[in-house]
Amino acid sequence: MGLTASEISVTYNRGTVAQQRALDGVSFCIEAGEVVVVVGVTGSGKSTLLKSLAGLVKPDSGSVAVDGAPLPDPPARAVGIVFQNPERQLFGETVLDDVAFGPRMLGDPDPISAAEQALARVGLDPATFGQRSPFSLSGGEARRAAIAGILALGARYVLLDEPTVGLDGSGRRAVVEIVRRERERCGIAVVTHHPDPFLPVASRIVALRDGRVVFSGTTEDAVRHPEQYVSAGLQLPELLEIQVEALRRGAPLARVGSTAEDVASVLLDARRRSS
Amino acid sequence: MRVLSIGQYIPTDSPVHGLDPRTKLGVVALVTVALFSVTRFEAFAVLAGLLVLAVRLSRLPVRSVLRGIKAVGVILAITLAAHSLRWGSPPAGVPSAGSLWLDPAGAMTGVFFAVRIVLLVVTTSMLTLTTSPVALADGLERLMRPLAVFGVPVGDVAMMLTVALRFIPTTAYEAEQIMMAQAARGARFDQGGPIRRAKALVPVLVPLFVNLFRRADVLAIAMESRCYASGRRRTRMKELVMRASDWFVLIGSAVLCVGLALVM
Ligand SMILES: Nc1ncnc2c1ncn2[C@@H]1O[C@H](COP(=O)(O)OP(=O)(O)OP(=O)(O)O)[C@@H](O)[C@H]1O
Ligand SMILES: [Mg+2]
């Protein structure tokens, strides 16, 4: 079950000088109710993976399945994808209208109330923001409106491509908060170059390099085997780096889903006990 | 989802690609004049022979050269039909179907015009297939430079052309991304009649234009902050130079095309 990709390969511009293999036999899975963080250096194939999972790019080989069945047509009923800089795709006269576009396209009997609920879920009051032009929103608000446009589809799986890029601290926290809350309704994959704020809500991290999965595991696995994670050409998130160092000095591991506070108290407890 | 493919330049390392864009523009102009002045098939045969030679030298896939002909297929069909089909009571000894009959003399004229169109299309495709849009713009600018004497803002026009060409791939990519993003929300671009399809493009075109205007704004500021001022004479990083091979091709084509135009 879940949203799964089995051994998928994707090559862009096949048979031309610009031929580019973006994914090379990648297997990937998101279960309902979990958050998977996908990391990897630029060009490693993260966006291509999400597009394949959403049925927007057809893999040359391998298959994508959602809860054991092939992707429905249109895939939007089962899988929602929020692209990088999604605010650049807003077009409606009002925010509410724009968010209702997806449900309307899918034949939802009441697209407006689906849109209102989605706006509320991303923390934008439908009464005030709903009637504004999407082009009058701030960057962070537009980002959340665009995310609402996907949440309104009611898909069981939601894929977010770099949802925090270009946002300030409070904008990033708002996005993490959306992910934490939506986890109850759906399975979520987050592609990001800044995984730190997502670690407490993530159940797994997957690292790509050159179109292959080089690491897949919990934060705990990453702390125990940092060399695997680092082999993706990435730096370990600071919160995990601290735990790697603490583990090396004999401190216990914080459980998966720990925040900075949790890690700090685990370490302080250990120190108190040893003295 | 390749809906937008603009510009058909195919980069290969060939002597035709290596020619100065001005040479190629000049040759295309000469061949065009020749194609329209000659009145005999033999002249077409000579020009076609030269084109075949150019295609061979350019190392382009022949299919890409012929693609242009497919695009004008309808025009060719209409040209042939308009010249060769007659309506009325058919004279004896010509193929006919009811009152529709085939005029052999007209058919010859039709074939003549069709060959002219085919050669013209192949000639111009050769230009765009072997010359990058930016090189073309450069070449045009150099050719138009004398017009500056009459107050034509040649430099600005060239800059506009270059910037526009530079942003075609960016814009095409962005359009593709936006189409994908709207498809992810259930939009369909391949369903219904022409009106429904046109309407389906609204969610693509609105953000595309909004983003374009924003980008244009940023670009203008960036250019001005680096002291771009219109009307100023600018030097180039890479000056175009006519080499011996360019002069050879240009003069050779001139002699041949003018000769054909005068004689045939
Ligand atoms: N539409 C496309 N056409 C051709 N090549 C593409 C296309 N999209 C991606 N690629 C290539 O495929 C590879 C993987 O790209 P992808 O966008 O999946 O990387 P990414 O991990 O998302 O990178 P980033 O972190 O920069 O967003 C890259 O080498 C890229 O150049
Ligand atoms: Mg990407």
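Bear in mind that the values here come from a model prediction, so they are computed numbers and not experimental data.

Caption draft 1: Spotlight on the sheet that holds strand β10 (residues 212-217) of chain A. Residue and element names in this part refer to chain A. Pairing is mixed in the open sheet, where six strands are placed in the order β6-β7-β8-β3-β9-β10. Strands with a single pairing partner mark the edges of an open sheet, and in this sheet they are β6 (79-82) and β10. Across the sheet, the mean angle from the axis of one strand to that of its neighbour is 15°, orientation sign disregarded. Relative to strand β8 (residues 187-191), strand β7 (residues 157-161) runs parallel, the two being bridged by five bridges. What sits directly across from Leu159, in β8, is Ala189. Helix-sheet contacts for helix α1 (residues 46-53) involve β3 (35-40), β6, β7, β8 and β9 (204-209), and the interaxial angle to β7 is about 155°.

Caption draft 2: Molecular detail of the site of ligand 1. Residue and element names in this part refer to chain A. Around ligand 1, a shell composed of 15 residues is seen, among which Thr42, Gly43, Lys46, Ser47 and Thr48 lie nearest. For ligand 1, an oxygen atom lies 3.0 Å from a polar atom in the backbone of Gly45. With respect to ligand 1, the side chain of His193 contributes an N or O atom lying 2.9 Å from an oxygen atom. Surface burial for ligand 1 is 74%, taken as the share of its 630 Å² of free accessible area covered by protein chains.

Caption draft 3: Expanded view of the confidence of the model for chain B. All names here are of chain B. Averaged over all residues, the pLDDT of chain B is 84; the fraction at 70 or higher stands at 97%. Of all secondary-structure elements in chain B, the lowest mean pLDDT belongs to strand β2 (residues 96-97), at 78, while helix α2 (residues 21-37) reaches the highest, 91. Counting contacts from residues 1-6, a segment whose pLDDT is below 50, to residues more than four positions away or on other chains yields eight contacts. As a predicted assembly, this complex carries a pTM of 0.76 together with an ipTM value of 0.84.

Caption draft 4: Region of interest: the interface of chain A and chain B. With 22 residues of chain A in contact, the opposing surface of chain B contributes 19 residues. Interface area for chain A against chain B, summed over the two sides, is near 1800 Å², with a carbon-plus-sulfur share of 60%. Contact with chain B buries surface across chain A, with Arg88, Gln89 and Phe91 of chain A losing the most and accounting together for 32% of the total. Taken together, the connections running from chain A to chain B amount to three salt bridges. Here Arg88 of chain A makes a salt bridge to Glu174 of chain B, at a shortest N to O gap of 3.0 Å. Among the elements of the structure, α2 (95-105) and α5 (139-151) of chain A are those that each provide at least two residues to the side of chain A that touches chain B.

Caption draft 5: Broad picture of the domain arrangement of chain A. Residue and element names in this part refer to chain A. By domain assignment, chain A separates into domain 1 (3-237) and domain 2 (238-275). Taken together, the contact pairs 16 residues of domain 1 with twelve residues of domain 2. Taking both sides of the interface into account, the surface hidden between domain 1 and domain 2 amounts to around 1200 Å²; carbon and sulfur atoms contribute 71%. The largest contributions to the domain 1 side of the interface with domain 2 come from Pro200, Val223 and Pro237, which together make up 43% of the buried area. The tally of links between domain 1 and domain 2 comes to zero salt bridges. Summed over the shared surface of domain 1 and domain 2, the result is five residue pairs in polar contact (both at pLDDT 80 or more). Ranked by the residues each element gives to the side of domain 1 that touches domain 2, the list is headed by helix α7 (residues 219-224), at five residues. Residues of the side of domain 1 that touches domain 2, tallied by class, amount to nine nonpolar, four polar and three charged.

The rules we used
- Residues numbered from 1 in each chain as written.
- Chains lettered and ligands numbered in written order.
- Predicted model: local features only at pLDDT ≥ 70, side-chain atom pairs only at ≥ 80, totals over all residues.
- Heavy atoms only, no water.
- Pairing = 2+ DSSP bridges.
- Helix = DSSP H or I, 4+ residues; strand = E, 2+ residues; numbered from the N terminus.
- Axes fitted to C-alpha atoms, helices over the stretch in contact; angles between N-to-C directions.
- Contact = heavy atoms within 4.5 Å.
- Near = heavy atom within 4 Å.
- Polar contact = N/O pair within 3.5 Å; in protein donor to acceptor, adjacent residues only side chain to side chain.
- Areas by Shrake-Rupley, 256 points an atom, 1.4 Å probe, with all protein chains shown as cover.
- pLDDT = per-residue confidence, 0-100.
- Buried area = accessible area lost by both parts, 1.4 Å probe.
- Salt bridge = Lys/Arg side-chain N within 4 Å of Asp/Glu carboxyl O.
- Domains from an automatic or database assignment.
- Nonpolar A, V, L, I, M, F, W, Y, C, P; charged D, E, K, R; others polar.

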